[in-house]
Amino acid sequence: MSQFLMPSLGADMEAGTLVEQLIAPGEAVKRGDVIAAVETQKGVIEIEVFEDGILDGWLVEIGTEVPVGAPLASIRGEGDTASEVPAEPKPIPPDTQKPVIAAPPVVHVPSQTASHKRITPAARRLAREKGINLAELKVAPGQTISRADVEKMEGAAKLAPLSDMRAAIGAVMSRSKREIPHYYLSHTADLTAADDFVKQTNAGREPPDRLLISVLYVKAIARALKKYPEFNGHFIDGEFHQSDTVHLGLATHIRGGGLVAPALFDAQDQNVGSLMHAMRDLVARVRAGRFRARELSDATVTLTSLGERGVDQLYGVIYPPQVAIVGIGTPRMQPMVQDGQVIARLVAVLTLAADHRVSDGHRGALFLKAIDKHLQGPESL
Amino acid sequence: MTPKEIEAAVIAELHQIAPDIGMEDVDRSADLREEFDIDSMDFLNLVTALGKAFGTEMPEADYPQMRSFEGMVSYLQEQAG
């Protein structure tokens, strides 16, 4: 018999509220199955199980706030017998016991295929405030229950402030600015080759298989990190732990306010096509307010891109315990000098904010230039 | 499909992507991305969904014709008609 513990939810969250038990006692579970959902300031996070077995019983009721590291359920292995009386839930303070989590499998079942109801965090919050039973809401299979659906039920009109998420962002960014001696660099890169490559690739493709230029940013950063690994990893207890794989956090804006940077796993090993699919899946789940605990805690570096409607450049704030964040400004047509001629090119400003405890500006500059270099040869990414 | 039906289909897909923006708040002839505050990923998802619903390829070279709500509706009308 083993206990299934509440996993880490990222640097800025210490607890979450159990909102869904997706497996009933007596049901079999496989390593990697999503067995529960927990609501946090950043949305609903799906919790995966890390072993095979049979769910013996839930130790925590729906609606209970549970600290990181506290037991959520007990799981019976193959040889174990069923327990007569489930153990009393004893939440353990997060500072006395850290959850030990074996590396879960990388393959994720897309959440869209799950049969249970999808409910956005805002809808859930509103329903709770108004005392609405969401089980009574009729929705088509696969349909997400939004705040608007709940409002329709209740006739509620005013939006509640997103103060929880703002507080979480404030806490982690304060910690970053307090603890991390940031230094900043910027570099103007010509994106004409990358943009042409995306246009040519997409010309013969149906919409589901099209690329966005941001996938080339991801791949170029992953490539550059191979040569400059001191920007990829975690700084914990006065020591830098370099990561040998790139879990690239993608800073993603949430509609209605807020920001989250869940990880694209093993970006260095994936080709551009599979990275693009992973990125679409991840952003879709962020938009639905639903992602995996590991996606929030395991990113080793972050990319923040302003997209096509932003401004020239941004200077990121490092997400602890990471040590670097790469920013990409909005690409625009600018005059560039090439072979003594002024020509119009599509350019964007790349920026780096990095941790001086681990690296310095000289290496940072080489890292940024390496990203630029990879963007000049998109076909080999 | 009548123009009304096409319009309803586009509104439904936009509501999936930008549920917080109502049609009464937007300028139908202005840039969709500004009016609905959507990024390039959202726009690609919109094109993917509409391409599937209308059985049309929605080539990237035609994106300029789909930039406003009105433009999108008349583009789909041409394709489906």
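Owing to the predicted nature of the structure, the values given are computational and were not obtained by experimental measurement.

Re the overall build of chain B
Here comes step 1: Of regular secondary structure, chain B possesses four helices and zero strands.
Here comes step 2: If you list the helices and strands of chain B from N to C, you get α-α-α-α.
Here comes step 3: Since a compact globule built from 81 residues should have a radius of gyration of about 12 Å, the 11 Å found for chain B is in line with a globular shape.
Here comes step 4: Seen along its three principal axes, the alpha-carbon backbone of chain B occupies a region of about 30 × 25 × 20 Å.
Here comes step 5: Counting across all 81 residues of chain B, residues that qualify as buried make up 42%.
Here comes step 6: Within chain B, counting contacts between residues at least 6 apart in sequence, those at least 24 apart form 52% of the total.
Here comes step 7: Accessible surface for chain B amounts to roughly 4,000 Å². Of this, 47% is attributable to carbon and sulfur atoms.
Here comes step 8: Here chain B contributes 5 positively and 18 negatively charged side chains, and the mean placements of these two sets differ by 3 Å.

What about the interface of chain B and chain A?
Here comes step 1: Counting residues at the interface gives 24 residues for chain B, matched by 19 residues for chain A.
Here comes step 2: For the chain B face of the interface with chain A, the top three residues by lost area are B:Met41, B:Leu44 and B:Glu60, together amounting to 32%.
Here comes step 3: Taken together, chain B and chain A are joined by six salt bridges.
Here comes step 4: A salt bridge links A:Arg287 to B:Asp39; its shortest N-O distance comes to 2.8 Å.
Here comes step 5: Top element by residues in the side of chain B that touches chain A is helix H3 (residues 40–54) of chain B. It accounts for seven residues.
Here comes step 6: By residue class, the composition of the side of chain B that touches chain A is twelve nonpolar, four polar and eight charged.

Some remarks on the packing of helix H1 (residues 3–17) of chain B against helix H4 (residues 69–80) of chain B
Residue and element names in this part refer to chain B.
Here comes step 1: Running from amino to carboxyl end, H1 crosses H4 at an angle of 125°, the nearest separation of the two axes being 10 Å. Here H4 runs oblique to H1, going by the angle between their axes. Of the two possible hands of crossing, H1 and H4 adopt the one that is right-handed. When H1 is examined against H4, the residues Pro3, Ile6, Glu7, Val10, Ile11 and Leu14 are found in contact with a partner set consisting of Phe69, Met72, Val73, Leu76 and Gln77.

A word on the domain arrangement of chain A
Residue and element names in this part refer to chain A.
Here comes step 1: For chain A, the domain assignment lists domain 1 (2–76) and domain 2 (166–380).
Here comes step 2: The C-alpha-based centres of domain 1 and domain 2 are spaced at 31 Å.
Here comes step 3: Every contact between the two is made by 19 residues of domain 1 and, on the other side, 16 residues of domain 2.
Here comes step 4: Carbon and sulfur atoms make up 55% of the area that domain 1 and domain 2 hide from each other, which totals about 1,400 Å².
Here comes step 5: Summed over the three residues of domain 1 that lose the most area to domain 2, namely Ala11, Lys42 and Glu46, the buried surface amounts to 42% of that side.
Here comes step 6: With a closest N to O distance of 2.7 Å, glutamate 46 and arginine 292 form a salt bridge.
Here comes step 7: There are seven residue pairs in polar contact (both at pLDDT 80 or more) connecting domain 1 and domain 2.
Here comes step 8: Those elements that place two or more of their residues in the side of domain 1 that touches domain 2 are strand E4 (34–40) and strand E5 (43–48).
Here comes step 9: When residues in the side of domain 1 that touches domain 2 are grouped by element, the largest group, six residues, is from E5.

Quick word on the pattern of salt bridges
Oppositely charged side chains may form a pair once their charged atoms are brought near each other.
Residues and elements named next belong to chain A.
Here comes step 1: By the definition in use, this model includes 21 salt bridges over all chains.
Here comes step 2: Across the pair arginine 363 and glutamate 230 runs a salt bridge, and its minimum N-O distance is 2.6 Å. Here arginine 363 is found in helix H8 (residues 361–376), whereas its partner glutamate 230 is found in the loop between helix H5 (213–227) and strand E12 (233–236), with 133 residues between them in sequence.
Here comes step 3: The class for arginine 363 is partly exposed, based on a relative accessible area of 30%.
Here comes step 4: Note on glutamate 230: relative accessible area 14%, which makes it buried.
Here comes step 5: Three or more residues are tied together by salt bridges with common partners; here these are Glu20, Glu46, Arg290 and Arg292.

Section: the packing of aromatic side chains
Between two aromatic rings, the relevant description is the distance of the centres plus the angle of the planes.
Residues and elements named next belong to chain A.
Here comes step 1: Under the counting rule described, the total for this entry stands at four aromatic pairs over all chains.
Here comes step 2: When the ring of tyrosine 184 is compared with that of tyrosine 315, the centres are 5.8 Å apart and the planes differ by 85°; the resulting orientation is edge-to-face. Note that tyrosine 184 is positioned in strand E11 (residues 182–190) and tyrosine 315 in the loop between strand E19 (301–305) and strand E20 (324–328), a separation of 131 residues in sequence.
Here comes step 3: Under the relative-accessibility criterion, tyrosine 184 is labelled partly exposed at 35%.
Here comes step 4: Of the residues examined, tyrosine 315 reaches a relative accessible area of 43% and is grouped as partly exposed.
Here comes step 5: Every member of this aromatic cluster is reached through a ring pair, and the members are Tyr228, Phe231 and Phe367.
Here comes step 6: Positioned above the aromatic ring of phenylalanine 265, the side-chain terminus of arginine 294 is 3.9 Å from the ring centre.

Side note on the environment of B:Gly55
Here comes step 1: For B:Gly55, the position within the fold is in the loop between H3 and H4.
Here comes step 2: Residue B:Gly55 is classed as exposed on the basis of its relative accessible area, which comes to 71%.

Parameters and conventions
Residues numbered from 1 in each chain as written. Chains lettered and ligands numbered in written order. Predicted model: local features only at pLDDT ≥ 70, side-chain atom pairs only at ≥ 80, totals over all residues. Heavy atoms only, no water. Helix = DSSP H or I, 4+ residues; strand = E, 2+ residues; numbered from the N terminus. Rg over C-alpha atoms; globule rule 2.2 N^0.38 Å. Buried < 20%, exposed > 50% of the residue type's maximum accessible area, 1.4 Å probe, protein only. Contact = heavy atoms within 4.5 Å. Areas by Shrake-Rupley, 256 points an atom, 1.4 Å probe, with all protein chains shown as cover. Lys, Arg positive; Asp, Glu negative; His and termini not counted. Charge placed at Lys NZ, Arg CZ, Asp CG, Glu CD. Buried area = accessible area lost by both parts, 1.4 Å probe. Salt bridge = Lys/Arg side-chain N within 4 Å of Asp/Glu carboxyl O. Nonpolar A, V, L, I, M, F, W, Y, C, P; charged D, E, K, R; others polar. Axes fitted to C-alpha atoms, helices over the stretch in contact; angles between N-to-C directions. Parallel < 35°, antiparallel > 145°, perpendicular 65-115°, else oblique. Left-handed = near helix turned anticlockwise from the far one by under 90°. Domains from an automatic or database assignment. Polar contact = N/O pair within 3.5 Å; in protein donor to acceptor, adjacent residues only side chain to side chain. Phe/Tyr/Trp six-rings, centres within 6.5 Å; stacked < 30°, edge-to-face > 60°. Lys NZ or Arg CZ within 6 Å of the ring centre and 35° of its normal.

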